[in-house]
Amino acid sequence: MTRSDPVPEPNPEITDALVAEHGLNAQEYARVKEILGRAPNLVELGIFSVMWSEHCSYKSSKKWLKTLPTTGPQVIQGPGENAGVVDIGDGQAAVFKMESHNHPSFIEPYQGAATGVGGILRDVFTMGARPVANLNALRFGSPEHPKTRHLVSGVVAGIGGYGNCVGVPTVAGEVNFHPAYNGNILVNAMTVGLAEADKIFYARASGAGNPVIYVGSKTGRDGIHGATMASASFGDDSEEKRPTVQVGDPFTEKLLIEACLELMATDAIVGIQDMGAAGLTSSSFEMASKGGAGVELDLDEVPVREAGMTAYEIMLSESQERMLMVLKPGREDEARAIFEKWDLDFAVVGHLTDSGRMAIQKNGQQVADLPIDPLAEAAPEYDRPWEPTPAQPEIAPDDVPAEDPCDALARLMGSADLCSRRWIWEQYDHMVMADTVQRPGGDAAVVRVHGTDKGLAVTVDCTPRYVLADPVQGGRQAVAESWRNLTAVGAMPLAVTDNMNFGNPEKPRVMGQFVGACQGMGEACTALDYPVVSGNVSLYNETGETAILPTPAIGGLGLLPDIARMATIAFKAGDEALVLIGETRGHLGQSLYLREIAGREDGAPPPVDLAAERRNGDLVRKLIRDGTVSACHDLSDGGLFVALAEMALAGDLGCEFAAPDDTPLHAWLFGEDQARYLVAAPQAAPILEASAAAGVPAAAIGRTGGDSLKLSDGRAISLADLRAVHEQWLPAYMQAEG
Amino acid sequence: MKSAVIVFPGSNRERDVADAIERTTGTRPHMVWHKESDLPKVDLIVLPGGFAYGDYLRCGAIAAHSNVIREVKRRAEQGTAVLGICNGFQVLIEAGLLPGALLRNRSLRFVCKEVGLEVDNADSAFTHRYQRGQRVVFLAAHGDGNYFVDDDGRRELEDQERIVFRYCDAKGQVTPEANPNGSVANIAGITNRAGNVLGLMPHPENLVEPALGGTDGRAMFEGLAEALS
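Just so it is clear, the model here is predicted, and its values are computed rather than measured.

### With respect to the overall build of chain A
- When you go through chain A residue by residue, the secondary structure sums to 25 helices and 28 strands.
- Relative to the 2.2 N^0.38 estimate, which gives 27 Å for 738 residues, the radius of gyration of chain A is 26 Å and therefore close to what a compact globule would have.
- Principal-axis analysis of the C-alpha atoms places the extent of chain A at approximately 85 × 50 × 45 Å.
- By the burial criterion, 62% of the 738 residues in chain A qualify as buried.

Given below as structure tokens:
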């Protein structure tokens, strides 16, 4: 272990400028002085700064997050811990969460994305779960923007570089391109883990005298004030912030997973927490606060990477692959032996007290003395002014030009937002652990629960253009689409994790988007019995005056009791019936057809009827589970014709179908009405009967067969042509000169 | 068949291959930690996929100098069957048990996808359940699988029929387009001169059951059990 040489702790005068540099406003600083009864020193100011940053304190968002439903019989642990936990039967639990790493990934895409994966993995194995699947939701700027190619390349390589090495399959994700992300990309990473339901570990420190243990990598100067950076908008100097991006070491993470799980198999641990944003500060304060304990820390015992680090730097470092835990007394040697076997640092850095205070020592001197609860719990909470988003006009199909449907389909399938993501997912090891029973490219990925016939279905979804046009409907839609995607593979949706990516909350218009999205999400989660069990908020996603599209990414998790009864999107056999389930009105407002073919981004998004979602989805799940349907696909971006094309390409089998007379053809083919599924089955009749009985609109529209998509009027497009445009866009784009 | 799977810090397909062996042969392998200098008496030693020691030096370079590898080399010289998959293949090369080198993929990107393989040698303990010329599908999942050997080395491998698998297309043709990583002569797997050590990049262990999308890997483990029991 490297000991830092005694260096005097800097002790500058705490000026207004220094306070402002730490992201605290005048009222917040007055509160600091009130809590302490004096002015803080620099170490203490740094600690307040990160603990009260938007990233750690949720001060702008808390009021609205509290309105989301978070309970249900399946919920073992809701928001407030490192990750959410749901019951999956047989004494097993799924542990999952999604988290953003937006700002670092824009500045340094490979390391930013890689450490995003590392951080979310730690949130999950901290709770005693073995990570079994990774997902990601990515938003990049316009393909024409000079930085986009470099960012795509770096982010994808970083996600793969980390996940592939730790040996957790990356099984699903979503990618959008839009100019609103030109200066502020989004990288949201989600991890799902498996644990025994009665062996969940929590971030609670209790028991005066119990040792506080530091394990994992050494602490360096990387990432200092990362949480503060994540709580401010970007200016022109954003790339100068590169030194605040951490560097990931997936090999150490892999060792840390194995060592922690090995120790967790004993009963030596009282509480455990990873050191994520705000590092040692946030982990120690959160654990102590939740457990009602006080802490004495001796920073001379912290393993450091370089000599001469100050208390300020050690407390605020965001070096990766580190954990803090509290052990039962006398169990140190047993724990140390496990970490030494895995060649990881292990250090007793302090002990718990009953003082309710955090007392931090360095070089034998006390460098900070802070009350724990006021810092961790009494963080500021704001009710920021907000404005609702004005309603957008409905767009009638007749106001949108009807292009040749096959030409339009080819253009959509070869567009940036709808083309094949193969170039991306082939860089992710999606098969390691030998349980990926449904691979990327379908509605949801399915990972078998190891050693059983159960499966976990997982998906990430959001349609930011809908949220921009109508935050309430957009919030509903993000949840509903995630629920549909799980349903479409035959799973029962259990719960969600949300990653709320928005602009500057101090702007009432942006705050209104956040408020509206929370309202819509809450309504959908309630109606669908699909509670929020974990999440993350990323605000200030702006560069200059440009805010991103409001992007509440939803990570959904569902359970399949038997993976033999799982649906995929691929057509399985010729001469099967195609049945469209749900009501088709031909809603073209905010559709991809409108944007890609008519060149317009306007109108109201499709409304979400939550009762219809529930009714239609419950029917589809039943049809899958009783073996009535052979293939199923949720209808979303691009509407019916895109869904047909995706099913045909996946099965390498065409189809022939007829449109009804009562809806304009382009609106029927490309409208993005919600609560719809397309299924294939040997017979249409049983599906139509079951639909009628359930009060669900359903129509037989055609049959599988041939090697093209063929309308009844004779117009057709071959699968070979479609596959070429669909597969070509991303590789061609990434190969082109930037 | 008694078998052992060597576990390095950073191995990540040790469970996959142990499960595949158990699923296909009925017997679970011993898991042997890299710091051991002794190996149980076994018929087959497996070096699994992963990123031993993080692969921060050349892939497999540090693992090749671990305690247990000295014993693996001794057993290999005595004729024990040794199977190195992916990172295990890289370790076998670094340990000098197989010739050549594994370089970064030609694309410079990690690649995870099913690959077609032509079985060029169906006489080994590893491949006798396959037919010569048969096309099988295994799973590639690697960033450094670009096999290199110089012209003399390649001729030697060919003359001694030590090239066991080559990447091929859906029709079984060994073409440049079917080569996922730039390997010389589409080489995916080779044996040592004695034929008891096989290294290959693609993973047979990930396609041994219909639920995972394929079963072509089964015959390798079933064949080993038959040949070695």
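That shown, we press on.
### Points about the overall build of chain B
- Regarding its fold elements, chain B presents 5 helices and 11 strands.
- Computed over C-alpha atoms, the radius of gyration of chain B comes to 16 Å, within 12% of the 17 Å expected from 2.2 N^0.38 for 229 residues, which places it in the range of a compact globule.
- For chain B, the spread of C-alpha atoms along the principal axes amounts to about 45 × 35 × 35 Å.
- Within chain B, the fraction of its 229 residues that count as buried is 55%.
- Pairs at least 24 residues apart make up 75% of the contacts formed inside chain B by residues separated by at least 6 positions.

### Side note on the sheet that holds strand E22 (residues 577–581) of chain A
All names here are of chain A.
- Strand order in the open sheet formed by 7 strands is E23-E25-E22-E26-E24-E27-E28, and the pairing between neighbours is mixed. This sheet does not close on itself; its edge strands, each paired only once, are strand E23 (631–634) and strand E28 (716–718). Mean inter-strand twist for the sheet, computed between neighbouring axes without regard to direction, equals 20°.
- Two elements, strand E24 (residues 655–657) and strand E27 (residues 708–711), share 3 bridges in a ladder whose sense is parallel. Considered in E27, the bridge of Cys-655 is made with Leu-709.
- Helix H21 (residues 610–625) contacts E22, E23 and strand E25 (677–681) of the sheet and is inclined by roughly 20° relative to E25.

### Thoughts on helix H5 (residues 218–228) of chain B
- For H5 of chain B, the full list of buried residues reads Ala-219, Met-220, Phe-221, Leu-224 and Ala-225 of chain B.
- Where H5 of chain B is buried, its residues contact helix H1 (14–25), strand E3 (44–47) and strand E4 (81–85) of chain B.

### Details of the sheet that holds strand E1 (residues 3–7) of chain B
Residue and element names in this part refer to chain B.
- Read from one edge to the other, the open sheet built from 9 strands follows the order E2-E1-E3-E4-E11-E10-E9-E6-E7, with strand pairing classed as mixed. Each of the sheet's edge strands pairs with one partner strand only, and the pair in question is strand E2 (30–33) and strand E7 (135–142). Between one strand axis and the next, the sheet turns by 25° as a mean value, whatever way the strands run.
- Note that E1 and E2 share 4 bridges and pair parallel. What sits directly across from Ala-4, in E2, is His-30.

### Overview of unusual backbone geometry
All names here are of chain A.
- Positioned with a positive phi, Tyr-540 is a non-glycine residue whose angle comes to about 60°.
- For Tyr-540, the location among the structural elements is in the loop between strand E18 (532–538) and strand E19 (542–543).
- Tyr-540 gets classed as buried once you count the C-beta atoms within 10 Å, which come to 23.

### Focus on the interface of chain A and chain B
- Taken together, the contact pairs 21 residues of chain A with 21 residues of chain B.
- Only helix H8 (148–166) and helix H10 (250–264) of chain A provide two or more residues apiece to the side of chain A that touches chain B.
- Residues that form the side of chain A that touches chain B fall into these classes: 11 nonpolar, 5 polar and 5 charged.

### Topic: the pairing of strand E4 (residues 130–140) of chain A
All names here are of chain A.
- Buried residues dominate E4, accounting for 10 of its 11 residues.
- Examined bridge by bridge, E4 and strand E6 (residues 186–196) share 9 bridges and lie antiparallel to one another. Residue pairing in the sheet places Ala-133 in a bridge with Val-192 of E6.
- The pairing of E4 with strand E5 (residues 170–177) spans 7 bridges and is parallel. Across the sheet, residue Arg-139 finds its bridge partner in E5, namely Asn-176.
- This β-α-β element, E4 to H8 to E5, shows right-handed connectivity.

### With respect to the environment of Met-275 of chain A
Residue and element names in this part refer to chain A.
- Structurally, Met-275 is set in the loop between strand E8 (269–274) and helix H11 (279–291).
- Using a count of 26 C-beta atoms within 10 Å as the deciding quantity, one classes Met-275 as buried.
- Along the primary structure Met-275 and Leu-418 are separated by 143 residues, whereas in three dimensions their C-alpha atoms are 38 Å apart.

### Comments concerning helix H22 (residues 639–651) of chain A
Residue and element names in this part refer to chain A.
- With 13 residues, H22 should cover 18 Å at 1.5 Å per step; its first-to-last C-alpha distance of 19 Å lies within 8% of that length.
- When you tally the buried positions in H22, you get 12 out of 13 residues, the bulk of the element.
- Taken residue by residue, H22 has Gly-639, Leu-640, Phe-641, Val-642, Ala-643, Leu-644, Ala-645, Glu-646, Met-647, Ala-648, Leu-649 and Gly-651 as its buried positions.

### Looking at the packing of helix H15 (residues 405–413) of chain A against H22 of chain A
Residues and elements named next belong to chain A.
- As a packed pair, H15 and H22 sit with axes 10 Å apart at the nearest point and diverge in direction by 70°. Taken together, the axes of H15 and H22 are roughly perpendicular relative to one another. Pair H15 / H22 crosses with right-handed handedness. Along the contact surface, H15 presents Pro-405, Leu-409, Leu-412 and Met-413, while H22 presents Phe-641, Val-642 and Ala-645.
- Looking at the contact of H15 with H22 residue by residue, the classes come out as 7 nonpolar, no polar and no charged.

### Looking at the pairing of E3 of chain B
Residues and elements named next belong to chain B.
- Here E3 shows a buried face lined by Leu-44 and Val-46 and a second buried face lined by Ile-45 and Leu-47.
- For E1 and E3, the ladder comprises 3 bridges, and the chain directions are parallel. Opposite Val-5, over in E3, you have Val-46 as the bridge partner.
- When E3 meets E4, the two strands line up parallel, connected through 4 bridges. Residue pairing for E4: Leu-47 is matched across the bridge by Gly-84.
- Taking the sense of rotation as the criterion, the β-α-β connection linking E3, helix H2 (residues 67–77) and E4 turns out right-handed.

### A short note on the nonpolar core
- Grouped together as the largest cluster of nonpolar side chains are 321 residues, with contacts concentrated most on Val-446, Val-458, Val-479 and Val-679 of chain A together with Ile-6 of chain B.
- Those residues within four positions of Val-479 of chain A in sequence are excluded, and the remaining contacts are Val-496, Met-521, Ala-524, Cys-525, Leu-528, Tyr-530 and Ile-554 of chain A.

### Things to note about the confidence of the model for chain B
- The predicted model of chain B averages 96 in pLDDT, with 100% of residues at 70 or higher.
- Reported confidences for the modelled complex are a pTM of 0.96 and an ipTM of 0.97.

### Describing the environment of Ala-83 of chain A
Residues and elements named next belong to chain A.
- Its place among the elements puts Ala-83 in the loop between strand E1 (75–77) and strand E2 (84–87).
- It is 6.1 Å that separates the C-alpha atoms of Ala-83 and Asp-123, two residues lying 40 residues apart in sequence.
- Aside from chain neighbours lying at most four places away, what touches Ala-83 is Val-95, Phe-96, Lys-97, Asp-123, Val-124, Met-127 and Ser-534.

### With respect to the environment of Pro-508 of chain A
Residue and element names in this part refer to chain A.
- Along the chain, the position of Pro-508 falls in helix H19 (residues 508–527).
- Taking the C-alpha atoms as reference points, Pro-508 and Arg-384, 124 residues apart in sequence, are found 7.4 Å from one another.
- Setting aside anything within four residues of it in sequence, one finds Pro-508 in contact with Pro-385, Trp-386 and Glu-387.

Reading the values: rules and limits
Residues numbered from 1 in each chain as written. Chains lettered and ligands numbered in written order. Predicted model: local features only at pLDDT ≥ 70, side-chain atom pairs only at ≥ 80, totals over all residues. Helix = DSSP H or I, 4+ residues; strand = E, 2+ residues; numbered from the N terminus. Rg over C-alpha atoms; globule rule 2.2 N^0.38 Å. Buried ≥ 20, exposed ≤ 12 C-beta atoms within 10 Å, placed from the backbone. Contact = placed C-beta atoms within 7 Å. Pairing = 2+ DSSP bridges. Axes fitted to C-alpha atoms, helices over the stretch in contact; angles between N-to-C directions. Nonpolar A, V, L, I, M, F, W, Y, C, P; charged D, E, K, R; others polar. Right-handed = clockwise from strand over helix to strand, strands pointing away. Expected span 1.5 Å × (residues − 1). Parallel < 35°, antiparallel > 145°, perpendicular 65-115°, else oblique. Left-handed = near helix turned anticlockwise from the far one by under 90°. Core = buried A, V, L, I, M, F, W, Y, C linked by C-beta atoms within 7 Å. pLDDT = per-residue confidence, 0-100.

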